[in-house]
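Summary of the model geometry
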Amino acid sequence: MKATHDIGIVVIGGSAGSIPVITDVLQSLPKPFSGTVILVVHRSKNTPSELYKLFLNIDESLLVCEPNDKDPVRSGYVYLAPQNYHLLIESDETFSLDYSEPVHYSRPSIDVTFESVARVYTNRVTAILLSGANRDGADGLERILLTGGAGIIQEPATADYPAMPQAAAEQNPGVRILTPDQIKTYLQTILQPIEK
Amino acid sequence: MSQHPVLTAEELAKIIHLIHQQYGYDFSNYARASLERRVLRCMQQAGLKTTYELKYSLINDKSFFDWFLQSLTVNVTEMFRDPIFYRDLREKVLPKLATYPVIKIWHAGCATGEEVFSMAILLAEAGLLERSRLYATDLNPANLEQARQGIIPLQQMKAYTDNYMQAGGKNAFSSYYTALYDHVIIRKEFRTNIVLAQHNLAVDQVFNEFQLICCRNVLIYFDRELQNRVFQLFHDSLSPLGYLAIGTKESIQTADVRTQFETISLPTRIYRRKQ
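This one's a predicted model, so the numbers in the text were calculated from it and none came from an experiment.

To continue, consider the confidence of the model for chain A. Model confidence for chain A is summarised by a mean pLDDT of 92, while 94% of its residues fall at 70 or above. Ranking the elements of chain A by mean pLDDT puts helix α2 (residues 51-56) of chain A last with 81 and strand β10 (residues 176-178) of chain A first with 98.

As structure tokens, this is what we get:
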């Protein structure tokens, strides 16, 4: 298994209205690809969620999973933050779960994962914040930019719920503002296809 | 407006060392990403800008340390969290436990007791509570005191009632507590068989033999080495054919004792010690 020290880490945060965009983005990825995608999507906490199956069904060659505690971060995978936990990364590039208080009423919180990813992967991170109705992700994007990563928000006019990307853009003048189609094109430059 | 000062690995290690030296709590094998986040959160809440200030307060102010310990450890818990876990307990585990004359259960890392109360209710509905002893332990004395009182904010009860019903509960959930202003108190008959005690999984030993150990969402705060120690401790604390339940995203697969357990339910992480 290829180590992740030389490849791109893409972390995507989404809330209300983000799932169609994520589905579309995942569909457009080369399969298999080199790099790692981490998704943090707000969802209700105690109703069993089958969201990863929805993403899994996009394409059977797409590797989607919800990480367990201490699983290694691998190249070629799409990881979905498990329901009702914060998702962190340790410096040895393993996942770490945390069941502490919600942040912005959210667990998983996008801020928590963005900040943790920024700390471990610094300038190799691309963070993308999609549609949503609260302000989770704005502080996290700030950390990403401070440690040299790239920050992108979904063009608020294209978002079903523009509040979340809007809040992040106001706090972080350095973010790029892209439409979903531009996000797809951008990701294809980071997540390179692997010859089968 | 960055809210987060940065804490280096070296600074965090020094703080861990200081707490261990002065107060005896050993956090050296805690998962660092989460611990670091919580130390920073404590510093923000206390208005401390540097680790120098933090160390100064820790050294000189015992009451600050008590507050720090309470804030550092994760005390978040719910009644009937993961309803399907309780459904599995009811269907797959309790019928086996019913064969014991006395049923001993250990809730390791019980926080403020919500899971223990849930277990007591489950046992009562199965007609087993009277001959059960629920040992609930936590590192943190403040948590144990709160668990002893059995008081829960009223605003949580709607979510807990939903969980209870999803878990297959048949009674009126409100029959298990008495509401008073903005809190509820779990009725005494569901708390009398609970024994609360301080126990630190990082250093303490076997103290009894159990037919079921529940330790859900505690191991995620430990590194692999400490997880391995705790799995061994659980193995040694279980009677042969005793059950172990861990959090649904926790894994026994890296533990040395994994071969000593069989899987009863993978999705809800219920295992059984072999003979």
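All names here are of chain B. Domain parsing of chain B yields domain 1 (9-72) and domain 2 (83-273). The C-alpha centroid of domain 2 is placed 29 Å from the C-alpha centroid of domain 1. Counting from both sides, the interface comprises ten residues of domain 1 and, opposite them, 14 residues of domain 2. Buried area between domain 1 and domain 2, summed over both chains or domains, comes out near 990 Å², and the portion from carbon and sulfur atoms is 51%. In this structure, the connection of domain 1 to domain 2 is made through zero salt bridges. Connecting domain 1 to domain 2 are five residue pairs in polar contact (both at pLDDT 80 or more). Within the side of domain 1 that touches domain 2, the residues separate by chemical class into five nonpolar, four polar and one charged.

Where side chains of opposite charge bring their charged atoms close, a pairing between them can arise. Residues and elements named next belong to chain B. Taken as a whole and judged by the stated rule, the model has 19 salt bridges over all chains. Ionic pairing is found between R216 and D82, a salt bridge with its closest N-O pair at 2.5 Å. Separated by 134 residues along the polypeptide, R216 in the loop between β7 (210-215) and α9 (224-237) and D82 in the loop between α4 (62-72) and α5 (83-97) bring together distant segments of the chain. A salt bridge links K158 to D162; its shortest N-O distance comes to 3.4 Å. Within this pair, K158 and its partner D162 are both found in helix α8 (residues 157-166), separated by four residues, close to a single helical turn. Via salt bridges that share partners, R81, D82, E115 and R216 belong to a single interconnected network.

On to the interface of chain B and chain A, then. Facing the 37 residues of chain B at the interface are 35 residues of chain A. Across the chain B/chain A interface, buried area totals approximately 2900 Å², and carbon plus sulfur atoms make up 43% of it. In this structure, A:D98 engages B:R37 in a salt bridge whose closest nitrogen and oxygen atoms are separated by 3.5 Å. Put simply, chain B and chain A have 19 residue pairs in polar contact (both at pLDDT 80 or more) between them. For the side of chain B that touches chain A, the secondary-structure elements that each account for two or more residues are α2 (32-46), α8 and α9 of chain B.

Count 3.6 residues to each turn of an α-helix, and residues three or four apart come out pointing the same way. Residues and elements named next belong to chain A. Among the nine residues that make up helix α4 (residues 138-146), seven are buried, leaving the element largely enclosed by the rest of the structure. Buried residues of α4: A138, D139, G140, L141, E142, R143 and I144, and no others. Taken together, the buried residues of α4 touch α3 (110-121), β8 (125-129), β9 (150-154) and α5 (163-171).

On to empty space enclosed by the protein. Residue and element names in this part refer to chain B. Inspection of every chain in the model, using the stated rule, returns one cavity of 30 Å³ or more. The space that makes up the largest cavity amounts to roughly 470 Å³. Around the largest cavity, the lining is made up of 32 residues, and of these V74, G109, D138, V218 and Y221 lie nearest the centre. Where the lining of the largest cavity is concerned, the elements lending two or more residues are α2, β1 (103-108) and β7. Ranked by the residues each element gives to the lining of the largest cavity, the list is headed by α2, at three residues. Of the residues belonging to the lining of the largest cavity, the class tally is 18 nonpolar, ten polar and four charged. Each of domain 1 (9-72) and domain 2 (83-273) contributes no fewer than three residues to the lining of the largest cavity.

Cut-off values and rules
Residues numbered from 1 in each chain as written. Chains lettered and ligands numbered in written order. Predicted model: local features only at pLDDT ≥ 70, side-chain atom pairs only at ≥ 80, totals over all residues. Heavy atoms only, no water. pLDDT = per-residue confidence, 0-100. Helix = DSSP H or I, 4+ residues; strand = E, 2+ residues; numbered from the N terminus. Domains from an automatic or database assignment. Contact = heavy atoms within 4.5 Å. Buried area = accessible area lost by both parts, 1.4 Å probe. Salt bridge = Lys/Arg side-chain N within 4 Å of Asp/Glu carboxyl O. Polar contact = N/O pair within 3.5 Å; in protein donor to acceptor, adjacent residues only side chain to side chain. Nonpolar A, V, L, I, M, F, W, Y, C, P; charged D, E, K, R; others polar. Buried < 20%, exposed > 50% of the residue type's maximum accessible area, 1.4 Å probe, protein only. 1 Å grid on protein atoms, 1.4 Å probe; cavity = no way out; pocket = protein on both sides within 12 Å on 5 of 7 lines; lining within 4 Å. Points joined across faces, edges and corners; volume = space filled by probe spheres on them.

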